[in-house]
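# Structural description and commentary
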Amino acid sequence: MQEFTYKNEELHCEGVSLKSIAAAVGTPTFVYSKNAMVARIRAYEAALAEAPHIVAYAIKANTNQWVIRAMAEEGAGGDVHSGGELYRALNAGVPANKIVYSGVGKTTQEMQEALSAGIMLFSVESIAELKTLSGVAREMGCIAPIALRVNPHVDAKTHPYISTGLKTAKFGIPLSYAADAFEEARRLPALNPTGVHIHIGSQITDLAPVQEAIHHGADLVRDLRQRNFDIQYFDAGGGLGITYDTEEPPEPDAHVHAALQAIHAMNLTLVLEPGRALVGNAGVLLTRVLYHKQTEEKRFVVIDAGMNDLLRPSLYDAYHEIRAVDDPGAHERVVADLVGPVCEEGDFFAKNRALPHVPGGGLMAVMSAGAYGFTMASNYNSRRRPAEVFVDGPRFALIRRRESYDDLVHHEVSGQLDWLDGNSER
Ligand code: LLP
């Protein structure tokens, strides 16, 4: 995270002190380094320069339109997972013909929207979905370009909740059945089966399983071509991990080369769908210490950010480094649990950790919070979702304002209720 460094004993994002952001915008606030993200997408683009490719940024990692736009300006496409993500990608200027749409539960409405937009590929995850998509496309008088997402039964060796390539997972079509599924797609009207998609999981720090999965996919492409399928796209997914703690994940160029090597000379357009690897280390959650609390058993440091703002520690027991914003040298360490204000014992950021001693009123940064931070935030406990800030060199800009109390009730019906008769016997 070299865009987050101490200057004059204060933590900065690029050229901006986090203290000045807290003073201007308040806390908790997500702060993103634009240049850190841009450097990562450029690393992917540079490694792929010689090959026909699309880097489809997995926008679920961070959906702020300014982040998506920064990626699109570097030539990225988008990997979307819902009608809402499709809307956001198009709205932020991602060209439709660079969008791939995955997910096991697309509705017919979402299919219609994606067909109207003219996306590059649907990644279809089941036979039932194939049939539904075929029907929707036929009704609309168009052809749906599809990849089938295959499940290669390869262990990504990551957290079980984000491991998607095992045969017990809900994702993909088993490799053993994939060729039959393509045959089914060929029999159905209004489908153009033209791609193979594999994504085995997220926060992957060893590329060996990724390579193994891609080799299975490449074998499938050869088999399909023998059956006269016109396969043009190979979507090798995303999943490259980042350093949260002591992990030493491969760099984007290694991810690219692992994929390119497996499909070498096959005349395929390579699609990659990195999310976390582009934005994860480019963001922090800036938060203020409220209280120190000592019980008979242990010490707690209570901050103004909670699990509703950054869910990863609560949901995956994920590690995020915690830094003091002020004066790194002067802080003694205290062993404590770092917790939020939410009414859950599961509301924590660190457990029994030697934390920098920041007194009440001081600022802390929860590091590596650029991916799956704001996008997984909720309003639980009627907490307003945090602000988001973009930093570019010496300047910063608000890219999403903190929610207001009015935002919390905004969608609820006010005034008279419109009661409808629901009694089917009448
Ligand atoms: N492509 C597909 C089909 C995916 O399902 C995902 C992530 C990606 C690409 C992007 O994966 P990435 O490059 O970011 O690893 N909330 C979890 C991560 C969930 C990932 C879901 N799918 C977390 O905070 O760790």
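Let me sum up the structure you'll find in this document. (Residues numbered from 1 in each chain as written. Predicted model: local features only at pLDDT ≥ 70, side-chain atom pairs only at ≥ 80, totals over all residues. Heavy atoms only, no water.)

## Thoughts on the pairing of strand β17 (residues 333–339)
Counted only if it meets this: Under the scheme applied here, a residue whose accessible area is under 20% of the maximum for its type counts as buried, over 50% as exposed, and between as partly exposed, the area being computed with a 1.4 Å probe on protein chains only. Secondary structure elements are defined from DSSP: runs of H or I of at least 4 residues count as helices, runs of E of at least 2 residues count as strands, and each element is numbered from the N terminus. By this definition, two strands are paired if DSSP reports at least two bridges between them.
Of all seven residues making up β17, five are buried, and the element is well covered by its neighbours. Bridge count between strand β15 (residues 299–303) and β17: three bridges; the pairing is parallel. Bridging across to β17, F300 finds its partner in D337. In terms of strand pairing, β17 meets strand β18 (residues 348–356) through six bridges, oriented antiparallel. In the sheet register, V334 faces β18, and the bridge partner there is L355.

## Brief notes about the site of the ligand
Test applied: The nearness test applies per residue and asks whether one of its heavy atoms lies within 4 Å of the molecule or strand. Under the rule applied, a polar contact is a pair of N or O atoms within 3.5 Å (in protein, one hydrogen donor and one hydrogen acceptor; residues adjacent in sequence only if both atoms are side-chain atoms). Here the Shrake-Rupley method, with its probe set to 1.4 Å, supplies the accessible areas, and only the displayed protein chains count as covering residues. Whether a set of points on the 1 Å grid over the protein atoms alone is a cavity depends on a 1.4 Å probe fitting there but being unable to get out, while an open set qualifies as a pocket with protein on both sides within 12 Å along at least five of seven lines; lining residues are those with an atom within 4 Å of a point. Cavities and pockets are treated as containing a molecule whenever more than half of the molecule's atoms lie within 2 Å of their grid points. Put simply, Ala, Val, Leu, Ile, Met, Phe, Trp, Tyr, Cys and Pro go in the nonpolar bin, Asp, Glu, Lys and Arg in the charged bin, and everything else, Gly too, in the polar bin.
Near the ligand, the surroundings consist of 20 residues, among which S202, E273, R312, Y316 and Y372 are the closest. In this structure, D79 approaches the ligand through a side-chain N or O atom, which is 3.2 Å from a nitrogen atom. The side chain of E273 places a nitrogen or oxygen atom 2.6 Å from a nitrogen atom of the ligand. Contact with the protein chains hides 92% of the accessible area of the ligand, taken as 580 Å² for the molecule alone. Applying the majority rule of atoms within 2 Å of the grid points places the ligand in the largest pocket. For the shell around the ligand, the class distribution of residues is six nonpolar, eight polar and six charged.

## Digging into the environment of E332
Put simply, the test is: By the convention used here, residues are in contact when the closest approach between their heavy atoms is within 4.5 Å.
You can see E332 is positioned in the loop between β16 (322–324) and β17. The sequence separation of E332 and H357 amounts to 25 residues, and the corresponding C-alpha distance is 5.5 Å. Leave out the neighbours within four places in its chain, and E332 touches L355, P356 and H357.

## Notes on the nonpolar core
Generally speaking, nonpolar side chains in soluble globular proteins are found buried as a group. Rules: Here the nonpolar core consists of buried residues drawn from Ala, Val, Leu, Ile, Met, Phe, Trp, Tyr and Cys, with membership extended through side-chain atoms lying within 4.5 Å.
Core analysis: the biggest nonpolar cluster contains 102 residues, and F122 and I146 have the highest contact counts within it. The element contributing the most residues to this core is helix α8 (residues 208–226), with seven residues. Look past the residues within four positions of F122 in its chain and what remains in contact with it is Y101, K106, M111, A114, L115, L133, A144, P145, I146 and A147. Core analysis: the second largest hydrophobic core is formed by 16 residues, F4, V16, I21 and V284 among them.

## Considering the packing of α8 against helix α9 (residues 252–262)
The condition that has to hold: Axes here mean lines fitted to C-alpha atoms, for a helix over just the part in contact, with angles spanning 0 to 180 degrees between N-to-C directions. Angles below 35 degrees are treated as roughly parallel, those above 145 as roughly antiparallel, those between 65 and 115 as roughly perpendicular, and all remaining angles as oblique. Left-handed is the label given to a crossing in which the near helix is rotated counterclockwise from the far helix by less than a right angle, and right-handed is the label when the rotation is clockwise.
Closest axis-to-axis distance for the α8/α9 pair is 9 Å, and the angle between their directions is 30°. Taken together, the axes of α8 and α9 are roughly parallel relative to one another. Here the hand of the crossing between α8 and α9 comes out right-handed. Judged by residue contacts, V210, Q211, I214, H215 and A218 of α8 engage H255, A258, A259, Q261 and A262 from α9.

## Section: the pattern of salt bridges
Defined as follows: Salt bridges are identified by distance alone: a Lys or Arg side-chain nitrogen within 4 Å of an Asp or Glu carboxyl oxygen.
Applying the stated criterion across every chain yields a total of 20 salt bridges. In this structure, D337 engages K351 in a salt bridge whose closest nitrogen and oxygen atoms are separated by 4.0 Å. Taken as a pair, D337 in strand β17 and K351 in strand β18 lie far apart in primary sequence, 14 residues in all. We classify D337 as buried; its relative accessible area is 2%. A relative accessible area of 40% means that K351 is categorised as partly exposed. Members of the salt-bridge network, linked through shared partners, are E183, R186, D223 and R227.

## Side note on the packing of helix α4 (residues 83–91) against helix α5 (residues 108–117)
Packing of α4 against α5 leaves a shortest axis separation of 9 Å and a crossing angle of 25°. Classified by the interaxial angle, the pair formed by α4 and α5 is roughly parallel. The crossing of α4 and α5 is left-handed. Taking contact as the criterion, the partners of G83, L86 and L90 in α4 are, on α5, E110, E113, A114 and A117. In the contact of α4 with α5, the residues fall into four nonpolar, one polar and two charged.

## Let's talk about the layout of surface pockets
Quick reminder of the rule: Grid points are joined across faces, edges and corners, and a volume is the space filled by probe spheres set on the points.
Considered as a void within the structure, the largest pocket measures approximately 910 Å³ in volume. In terms of lining residues, the largest pocket is bounded by 42 residues, among which K60, H81, E85, Y372 and T375 are the most central. For the lining of the largest pocket, the secondary-structure elements that each account for two or more residues are α3 (65–73), α4, α11 (312–316) and β21 (395–400). Looking at the lining of the largest pocket, the element that brings in the most residues is α4, giving four residues. The class makeup of the residues in the lining of the largest pocket is 13 nonpolar, 17 polar and 12 charged. Of the voids in this model, the second largest pocket is the one considered here, and its volume is about 370 Å³. In terms of lining residues, the second largest pocket is bounded by 20 residues, among which M1, Q2, R40, E251 and N281 are the most central. Contributing elements (two or more residues each) for the lining of the second largest pocket: α2 (34–47) and α10 (276–279). With four residues, the top contributor of residues to the lining of the second largest pocket is α2. The residue inventory of the lining of the second largest pocket, partitioned by class, reads 12 nonpolar, five polar and three charged.

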